[in-house]
Amino acid sequence: MKGSGKRQITAIEIQEHDRARRNVFLDGEFAFGVHQEVLLESGFGLGDYLTGQDVRRLLAAEERHQAKQKALRLLSVRARSEKELRTRLHQAGLGEAADATLRSLRRAGLVDDREFALSYARSRIATRPCGEFLLRSELREKGIPEEQIEAAVAEAYREKSQRQLAYELAAKKKRLVGRAEEEKAQKRVVDFLLRRGFAWGLVNEILERWDELSAPEGGTGQEGT
């Protein structure tokens with residue numbers, strides 16, 4: 001086969017530190033390492049001849065395999081948007097396989113920006129309530145399309161309006177800073193609500209009704225910042 005542009009698979013060895021991977025030798029020399037699944041799916045085995053194109057296809061399949069495994073590990077920690085996964089794959093040097101990987105995960109129902117946005121919005125409001133401005137900003141940062149952001153925002157404030165949440169948070173914060181002078185207490189409450197993404201108009205309305213604020217039963221979310 002000399003001069004044909006093909007090289008023979010002369011050995012396939014199990015890698016010492018990862019028994020699921022194989023070292024492939026061509027014409028007696030180490031050529032590359034691949035996962036055993038990639039090699040099995042390729043149909044190539046000991047004694048077969050590979051062209052340069054065959055090798056490139058194998059390495060591309062290996063990168064797709066690595067990208068999918070990386071994405072699945074990330075998803076096992078928490079749900080993520082497509083943009084988040086794409087960014088992490090690029091950071092890991094697997095950007096060329098990102099599109100194919102995300103298509104595969106979408107088909108399997110493991111990546112769904114609409115469901116992610118709805119879940120994220122519900123969780124955000126339940127654990128650390130915020131205003132619509134901040135919620136929209138966070139969803140945009142995660143690459144969620146505007147129409148899906150609209151649906152997520154509507155879901156987030158379905159059980160309790162943004163206005164009601166703001167009043168409850170303000171009342172609880174007022175109780176926590178109650179020993180401070182009124183002017184300082186008001187400033188701390190205002191700053192807190194603005195950091196949480198509530199619009200100035202709503203915050204100013206709460207400030208004008210300062211004397212009417214009273215802490216809700218059980219409080220709302222975590223205080224923090």
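Since the structure is predicted, the reported quantities are computational estimates derived from the model, not experimental observations.

The rules behind each value
In this convention, every chain numbers its residues from 1, walking through the sequence in written order. Local features are withheld for residues below a pLDDT of 70 in this predicted model, meaning they are given only at 70 or higher, and side-chain atom pairs are given and counted only at 80 or more; totals for whole chains, interfaces and linings count all residues. Side-chain figures throughout are based on the complete set of non-hydrogen atoms in the structure, without hydrogens or water. Being paired, for any two strands, means DSSP has found at least two bridges between them. Numbering goes from the N terminus for both helices and strands, where a helix is a DSSP run of H or I of at least four residues and a strand is a run of E of at least two. Between two residues, a contact is recorded if the distance between any of their heavy atoms is within 4.5 Å. Only the contacting stretch of a helix is used when fitting its axis, a line to C-alpha atoms as for every element, and angles between N-to-C directions run 0 to 180 degrees. To estimate the expected span of a helix, count its residues, drop one, and scale the result by 1.5 Å. Relative accessibility under 20% of the residue-type maximum defines a buried residue, over 50% an exposed one, and the middle range a partly exposed one, all with a 1.4 Å probe and only protein chains included. Arc, as used here, means the arc of the directions from the helix axis to the C-beta atoms.

### Let's talk about the sheet that holds strand β4 (residues 49-50)
And then number 1: In space, the four strands of this open sheet follow the order β3-β2-β1-β4, with antiparallel pairing throughout. In this open sheet, the two strands that pair with only one neighbour each are β3 (29-35) and β4.
And then number 2: Two strands pair when backbone bridges link them, and strand β1 (residues 7-14) and strand β2 (residues 21-26) are joined in this way by five bridges, in the antiparallel orientation. Looking at β2, one finds that Ile14 is bridged to Arg22.
And then number 3: Each of β2, β3 and β4 touches helix α2 (residues 52-77); the most contacted strand, β3, lies at about 35° to it.

### Some points on helix α9 (residues 182-195)
And then number 1: Across its 14 residues, α9 extends 20 Å between first and last C-alpha, which sits within 8% of the 20 Å expected from 1.5 Å per residue.
And then number 2: All buried positions along α9 are accounted for by Ala185, Gln186, Val189, Val190, Phe192 and Leu193. Along the long axis of α9, the arc covered by the buried residues comes to 160°, so they all point the same way. Facing away from the buried side of α9, by more than 90 degrees, are the exposed residues Glu183, Lys184 and Lys187.
And then number 3: On its buried face, α9 is in contact with α8 (162-176) and α10 (200-208).
And then number 4: Gly197 lies just past α9 and shows a positive phi near 85°.

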